[in-house]
Amino acid sequence: LHTSPLVEAILLSKQNPPGTLSTEITNLVKDLWCRNHGQIDPAGLKYAVAKRASTFLGNRQHDSHEFLRILMDGLHEELNRVTRKPNYQELKDLPSESDIQAAERWWSYHKSRNDSLIMDLFCGQLKSEVRCRKCKHVSKAFDPFLDLSLELKGTNVMDCLNSFMEVEILKGTERYLCPECKKRTESVRQLAIWRWPKILVLHLKRFGFSSFGSRKLTQKVMYTSMLDVSKFVNHSSTIHYKLFGVINHFGNANGGHYTACCMGNADSDNNQWFEFDDSQVHAIRSPIDPTAAYILFYQRVT
């Protein structure tokens, strides 16, 4: 609701059928930005999400990242400009293609089936390269993504991004089915961001499972108001992002409390932040809480 390009597009959009996600979020945005009153009840939006995912019925606690993905996927489906999708096809490597050609082919195919405001703003492209350790065959894929889920490896967001793109050995049950060897072999995989989105959503993986059950990681992860990802770019340009929203989780894996911190308007020079805690809203100097940050929202500025 504080993603400026999304808000602007929603305010200019036509009204959709009642009860849909797009209608409910439009109503919520207009209540938030265009009407001068106190508390706003988002029950309509919650019910629209619950119609897509029945686990969100009732008043039980749920994961905010799961909620976000259901919301984004649902909005995309409702707002998809593609009314007749071409038949599904499994994209494969073409030996004569360069990475640039392959990435464009994968992206064009994705856009032929998925073309919406959500894709315009949040969708990036991930390059995955797998190399068989036995025959050295290389397989590449250029898949779309709406957010990145990062392991908590390091003391800051850049450490987590570095870890995300490190070489990973696939062995044991994770062995790769090599098309040349015709069997599962030990391989190495490396991920890279090929196409960076306008809005970058970073999900910090604070929840996991062990032999003792579910657990929450309270490791400190520092983040700053500006994020320079130029070192990860596959060409000579620079890319910078500005932080404009943070979802925090307080508590443990069995229960807790969510708050949100948002910048008033990420497109303006006014960098005033606000904390949203249930019905309470107040201005704050900084959103930084390195042990509670769960989802980070960045807007591309260069």
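Numbers given for residues are sequential positions, taken from 1 along each chain in its written order. In keeping with the predicted nature of the model, local features appear solely for residues at pLDDT of at least 70, side-chain atom pairs appear and are counted solely at 80 or more, and the whole-chain, interface and lining totals rest on all residues. Excluding hydrogens and water, the side-chain values take into account all heavy atoms of the structure.

Engineer: Just checking my understanding: could you explain the packing of aromatic side chains for this structure?
Structural biologist: Centre-to-centre distance and the angle between the planes together describe a pair of aromatic rings. Paired rings are identified among Phe, Tyr and Trp, the last through its six-membered ring, by centres lying within 6.5 Å, and are further divided according to the angle between planes into stacked (under 30 degrees), edge-to-face (over 60) and tilted (the rest). This model, assessed by the stated rule, comprises six aromatic pairs. In this structure an aromatic cluster arises from ring pairing among F207, Y258 and Y294. Charge over a ring is defined by NZ of Lys or CZ of Arg lying within 6 Å of the ring centre and within 35 degrees of the ring normal. The ring of W107 is capped by R195, whose NZ or CZ atom sits 4.2 Å from the centre of that ring.

Engineer: Where do I start with helix 5 (residues 99-113) in this structure?
Structural biologist: Given 3.6 residues per helical turn, the α-helix brings residues three or four places apart onto the same face. The helix count covers DSSP runs of H or I at least four residues long, the strand count covers runs of E at least two residues long, and both are numbered beginning at the N terminus. In a helix, the anticipated span is given by 1.5 Å times the number of residues less one. Over its 15 residues, helix 5 runs 22 Å from end to end, which matches the ideal 21 Å to within 8%, given 1.5 Å per residue. In this scheme, a residue with accessible area under 20% of its type's maximum is buried, one over 50% is exposed, and one in between is partly exposed, where area comes from a 1.4 Å probe on protein chains only. Every buried residue belonging to helix 5 is among A102, A103, W106, W107, Y109, H110 and R113, and all of these are buried. Considered in projection along helix 5, the buried side chains sweep an arc of 160° and stay on one side of the axis. If you follow the buried residues of helix 5, they end up packed against helix 6 (117-122), strand 1 (124-132), strand 2 (138-145) and strand 7 (187-195). Directions from the helix axis toward the C-beta atoms define the arc. The criterion used for residue contact is that any of the two residues' heavy atoms lie within 4.5 Å.

Engineer: Sorry if this is basic, but what is going on with unusual backbone geometry here?
Structural biologist: With the exception of glycine, the majority of residues adopt a negative phi angle, and the majority of peptide bonds are in the trans configuration. One non-glycine residue, K182, adopts positive backbone phi at about 65°. With respect to the helices, strands and loops of the structure, K182 is situated in the loop between strand 5 (176-178) and strand 6 (183-185). A relative accessible area of 67% means that K182 is categorised as exposed. Phi is positive for D278, close to 55°, though the residue is something other than glycine.

Engineer: Please clarify how the nonpolar core should be interpreted in this entry.
Structural biologist: Buried Ala, Val, Leu, Ile, Met, Phe, Trp, Tyr and Cys residues that are joined via side-chain atoms within 4.5 Å together make up what is termed a nonpolar core. Counting 66 residues, the largest nonpolar core has L161, W196, L202 and Y298 as its most contacted members. Looking at this core, the element that brings in the most residues is strand 16 (residues 293-300), giving six residues. Those residues in contact with Y298, other than ones at most four positions away along the chain, are V157, K198, I199, L200, L202, Y223, T224, L227, Y241, K242, L243 and F244.

Engineer: Any chance you could explain the environment of Q89 here in plain terms?
Structural biologist: Mapped onto the elements of the fold, Q89 is located in the loop between helix 4 (64-79) and helix 5. Given the relative accessible area of 43%, Q89 is considered partly exposed. Residues Q89 and Y109, spaced 20 residues apart in sequence, show a C-alpha to C-alpha distance of 9.0 Å.

Engineer: In this structure, what is going on with the sheet that holds strand 4 (residues 168-170)? I would like to understand it.
Structural biologist: Whether parallel or antiparallel, the strands of a sheet pair through hydrogen bonds between backbone atoms. Overall, antiparallel pairing links the four strands, which are arranged 2-1-7-4 in an open sheet. Each of the sheet's edge strands pairs with one partner strand only, and the pair in question is strand 2 and strand 4. Across the sheet, the axes of successive neighbouring strands diverge by a mean angle of 30°, strand direction being ignored. Pairing between strands requires that DSSP locate at least two bridges from one strand to the other. By the bridge criterion, eight bridges tie strand 1 to strand 7 in an arrangement that is antiparallel. Along strand 7, the bridge assignment pairs V130 with R189. For every element, the axis is a line fit to its C-alpha atoms; helices are fit only across the contacting stretch, and the angle between N-to-C directions ranges from 0 to 180 degrees.

Engineer: Sorry if this is basic, but what is going on with the environment of A53 here?
Structural biologist: With respect to the helices, strands and loops of the structure, A53 is situated in the loop between helix 3 (43-52) and helix 4. Separated by 14 residues in the primary sequence, A53 and F67 have C-alpha atoms spaced 9.1 Å apart.

Engineer: Explain the packing of helix 3 against helix 4 here, please?
Structural biologist: Describing two packed helices takes the angle between their axes plus the distance from one axis to the other. Contact geometry for helix 3 and helix 4: axes closest at 10 Å, N-to-C directions at 85°. One way to sum up the angle between helix 3 and helix 4 is to call them roughly perpendicular. Residue-level contacts link L45, V49 and R52 of helix 3 to F67, I70, L71, G74, E77 and E78 of helix 4. Residue classes follow a fixed rule: Ala, Val, Leu, Ile, Met, Phe, Trp, Tyr, Cys and Pro count as nonpolar, while Asp, Glu, Lys and Arg count as charged, and any other residue, Gly among them, counts as polar. Class assignment for the residues of the contact of helix 3 with helix 4 results in five nonpolar, one polar and three charged. Any angle between 65 and 115 degrees counts as roughly perpendicular, while under 35 counts as roughly parallel, over 145 as roughly antiparallel, and the rest as oblique.

Engineer: Would you explain helix 1 (residues 4-12) in this entry?
Structural biologist: Of all the residues in helix 1, the buried ones are S4, L6, V7 and I10. Projected down its long axis, helix 1 carries its buried residues within an arc of 160°, all on one side. Residues of helix 1 that are buried make contact with helix 2 (21-34), helix 6 and strand 16.

Engineer: Teacher, can you tell me more about the pairing of strand 12 (residues 240-252) here?
Structural biologist: The side chains of a regular strand alternate, residue by residue, between the two faces of the sheet. Sheet topology places strand 11 (residues 226-228) next to strand 12; three bridges connect them, and they run antiparallel. Note that in strand 12 the partner of D228 across the bridge is H240. In this sheet, strand 16 lies alongside strand 12 in antiparallel orientation, the contact comprising seven bridges. Residue L243 lies in a different strand from strand 16, and its bridge partner there is Y298. Two strands pair when backbone bridges link them, and strand 12 and strand 13 (residues 255-263) are joined in this way by eight bridges, in the antiparallel orientation.

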